[in-house]
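Take a look at the letters that make up each chain.
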Amino acid sequence: MNDNRVEGTEHQVKGTIKEGVGKLTGNTSKEVAGNLEKNAGKVQKNVGQAQDEIEDLDD
């Protein structure tokens, strides 16, 4: 498991929390920022998974 997968998961969790807080407080900008961070984390995690799969092919 490489750093992109770990960091991507962290961003997903932080973004989900931030998005939830934004929804609860009615803070649309925090909600949107959380959604963006969550989705960026998903992309980063997928990049990490692809990198791991490529490394597995080399072995």
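Residues numbered from 1 in each chain as written. Predicted model: local features only at pLDDT ≥ 70, side-chain atom pairs only at ≥ 80, totals over all residues. Heavy atoms only, no water.

### Examining the packing of helix H1 (residues 3-25) against helix H2 (residues 28-58)
Thought 1: Contact geometry for H1 and H2: axes closest at 7 Å, N-to-C directions at 165 degrees. Overall, the two elements H1 and H2 adopt an arrangement that is roughly antiparallel. Regarding H1 and H2, the two cross each other, and that crossing is left-handed.
Thought 2: Tallied by class, the residues present in the contact of H1 with H2 amount to three nonpolar, 15 polar and 13 charged. (Axes fitted to C-alpha atoms, helices over the stretch in contact; angles between N-to-C directions. Helix = DSSP H or I, 4+ residues; strand = E, 2+ residues; numbered from the N terminus. Parallel < 35°, antiparallel > 145°, perpendicular 65-115°, else oblique. Left-handed = near helix turned anticlockwise from the far one by under 90°. Nonpolar A, V, L, I, M, F, W, Y, C, P; charged D, E, K, R; others polar.)

### Considering a nonpolar patch on the surface
Thought 1: A cluster of nonpolar residues, Val13, Ile17 and Val21, forms a patch on the protein surface that exposes about 250 Å² of accessible area.
Thought 2: Following the sequence through the fold, Ile17 ends up in helix H1. (Patch = residues over 30% accessible without salt bridge, like charges linked within 9 Å, V, L, I, M, F, W, Y side chains within 5 Å. Areas by Shrake-Rupley, 256 points an atom, 1.4 Å probe, with all protein chains shown as cover. Salt bridge = Lys/Arg side-chain N within 4 Å of Asp/Glu carboxyl O.)

### What to know about H1
Thought 1: Between its first and last C-alpha atoms H1 spans 33 Å; for 23 residues at 1.5 Å apiece the expected length is 33 Å, and the two agree.
Thought 2: Regarding H1, the residues found buried are Gly8, Gln12, Gly15, Glu19 and Gly22.
Thought 3: Lining the buried residues of H1 we find H2.
Thought 4: Backbone nitrogen of Asn4 and a side-chain oxygen of the N-cap are separated by 3.0 Å at the start of H1; the cap is Asn2.
Thought 5: Following H1 by one or two positions, Gly26 adopts a phi angle in the positive range, close to 75 degrees. (Expected span 1.5 Å × (residues − 1). Buried < 20%, exposed > 50% of the residue type's maximum accessible area, 1.4 Å probe, protein only. Contact = heavy atoms within 4.5 Å. Polar contact = N/O pair within 3.5 Å; in protein donor to acceptor, adjacent residues only side chain to side chain.)

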